[in-house]
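Spelled out from the first residue to the last, the chains are:
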Amino acid sequence: MNFNIAIDGPAGAGKSTVAKIVAETLNMTYIDTGAMYRAITLLSIRHDKSDIDDIIELVKKAQIKIKDGKIFIDHEDVSEAIRSIEVTNKVSTIAKIPEIRHVMIRLQRDMAKNKGVVMDGRDIGTTVLPDAEYKFFLTADIKERAIRRYREMIKKGQRVTLEQVEKDIMNRDLQDEKRDVSPLKAAEDAVIIDTTNKNIQQVVEEILDWIKRGENVVL
Ligand code: DC
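Residues numbered from 1 in each chain as written. Predicted model: local features only at pLDDT ≥ 70, side-chain atom pairs only at ≥ 80, totals over all residues. Heavy atoms only, no water.

Describing the pattern of salt bridges
Thought 1: Evaluated as defined, the whole model comprises 15 salt bridges.
Thought 2: Arginine 148 is paired through a salt bridge with glutamate 144; the nearest N and O atoms lie 3.0 Å apart. Residue arginine 148 and its partner glutamate 144 are both found in helix 7 (residues 142-155); the two are separated by four residues, about one turn of the helix.
Thought 3: Between aspartate 209 and lysine 212 there is a salt bridge whose closest N-O contact spans 3.4 Å. Here lysine 212 and aspartate 209 lie together in helix 9 (residues 200-215), a separation of three residues that amounts to about one turn.
Thought 4: Owing to a relative accessible area of 24%, lysine 212 belongs among the partly exposed residues under this scheme.
Thought 5: Where salt bridges share partners, they join Arg122, Asp176 and Arg179 into one cluster. (Salt bridge = Lys/Arg side-chain N within 4 Å of Asp/Glu carboxyl O. Helix = DSSP H or I, 4+ residues; strand = E, 2+ residues; numbered from the N terminus. Buried < 20%, exposed > 50% of the residue type's maximum accessible area, 1.4 Å probe, protein only.)

What about the packing of helix 1 (residues 15-26) against helix 9?
Thought 1: Contact geometry for helix 1 and helix 9: axes closest at 10 Å, N-to-C directions at 50°. One finds that helix 1 runs oblique with respect to helix 9. Seen along the crossing, helix 1 lies across helix 9 with a hand that is right-handed. Contacts from Thr17, Val18, Ile21, Val22, Thr25 and Leu26 in helix 1 reach Ile200, Val203, Val204, Ile207, Leu208 and Ile211 in helix 9.
Thought 2: Among the residues making up the contact of helix 1 with helix 9, the classes are represented as ten nonpolar, two polar and no charged. (Axes fitted to C-alpha atoms, helices over the stretch in contact; angles between N-to-C directions. Parallel < 35°, antiparallel > 145°, perpendicular 65-115°, else oblique. Left-handed = near helix turned anticlockwise from the far one by under 90°. Contact = heavy atoms within 4.5 Å. Nonpolar A, V, L, I, M, F, W, Y, C, P; charged D, E, K, R; others polar.)

Re the sheet that holds strand 6 (residues 117-121)
One key point about sheets: their strands pair by backbone hydrogen bonds, in either a parallel or an antiparallel sense.
Thought 1: The strand order 2-6-1-7-8 describes an open sheet built from five strands, whose pairing is parallel. Each having just a single partner strand, strand 2 (29-32) and strand 8 (191-194) make up the two edges of the open sheet. Averaged over all neighbouring strand pairs, the angle between strand axes comes to 20°, with direction disregarded.
Thought 2: Two elements, strand 2 and strand 6, share four bridges in a ladder whose sense is parallel. In the sheet register, isoleucine 31 faces strand 6, and the bridge partner there is methionine 119.
Thought 3: Packing of helix 1 onto the sheet brings it into contact with strand 1 (5-8), strand 2, strand 6 and strand 7 (134-139), and relative to strand 6 it is tilted by some 180°. (Pairing = 2+ DSSP bridges.)

A look at the pairing of strand 1
Thought 1: Residues Ile5 and Ile7 point to one face of strand 1 and Ala6 and Asp8 to the other, with burial holding for every one of them.
Thought 2: Across four bridges, strand 1 lies against strand 7 in parallel orientation. Within the sheet, the bridge partner assigned to isoleucine 5 lies in strand 7 and is tyrosine 134.

Observations regarding the packing of helix 3 (residues 52-61) against helix 5 (residues 98-112)
Working note: a packed helix pair is described by the angle between its axes plus the distance between those axes.
Thought 1: Look at helix 3 against helix 5: their axes get within 10 Å of each other, and the N-to-C directions meet at 15°. With respect to each other, helix 3 and helix 5 are oriented roughly parallel. Handedness of the crossing formed by helix 3 with helix 5: left-handed. Contact residues: helix 3 offers Ile52, Ile55, Ile56 and Val59, while helix 5 offers Glu99, Ile100, Val103 and Met104.
Thought 2: In terms of residue class, the contact of helix 3 with helix 5 is made up of seven nonpolar, no polar and one charged.

Scope: geometric values only; no functional claims are made or implied.
In structure tokens:
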């Protein structure tokens, strides 16, 4: 496909599930930019580094790659490890560091330069790919987002309470919205989709409908 799709929104709005299906349906490449910030967070935890300069040094030395929906640090598949609660609770602090964002944004733009990507994150429509042909911003009530995340975590065997998940999401949203460099925000030209009372298939259909209309094609 000769276009890019940006899908942004807060934690638990359904971005990654929806983005993956949209990418598969359209035979495009799915890129989860949150996974990149998570990988750096994992690196900093493993090396026990909190100092910004030390983390930047680690990022410069490491090779972070996304391939076939998996994420690698120096050829090690860390797709599972980046989903731990420890990483989740630290990632917004790492994602706030401007130098790290600059490196990530450059990598993300490079991945999208030949078109054909569905990229999900927080700042794709506003900063990473302001020229993306299609932009969507997915939202949902905080309660609904917390329940979705809670169910996901319980399914994976993580021991959490719904109250804790809700608190963590609110805290993460706040940090993502308030940061100085490319905060979580809908692009002015994004289509806003409230997913609170919609299932995944409905949201996917809504996105595909916009694309069918824009491209004048039958999908
Ligand atoms: O989508 P996620 O929950 O895996 O994202 C993890 C964190 O990374 C999230 O709290 C905010 C940050 N992030 C970001 O700052 N910019 C992006 N483009 C994607 C994620």
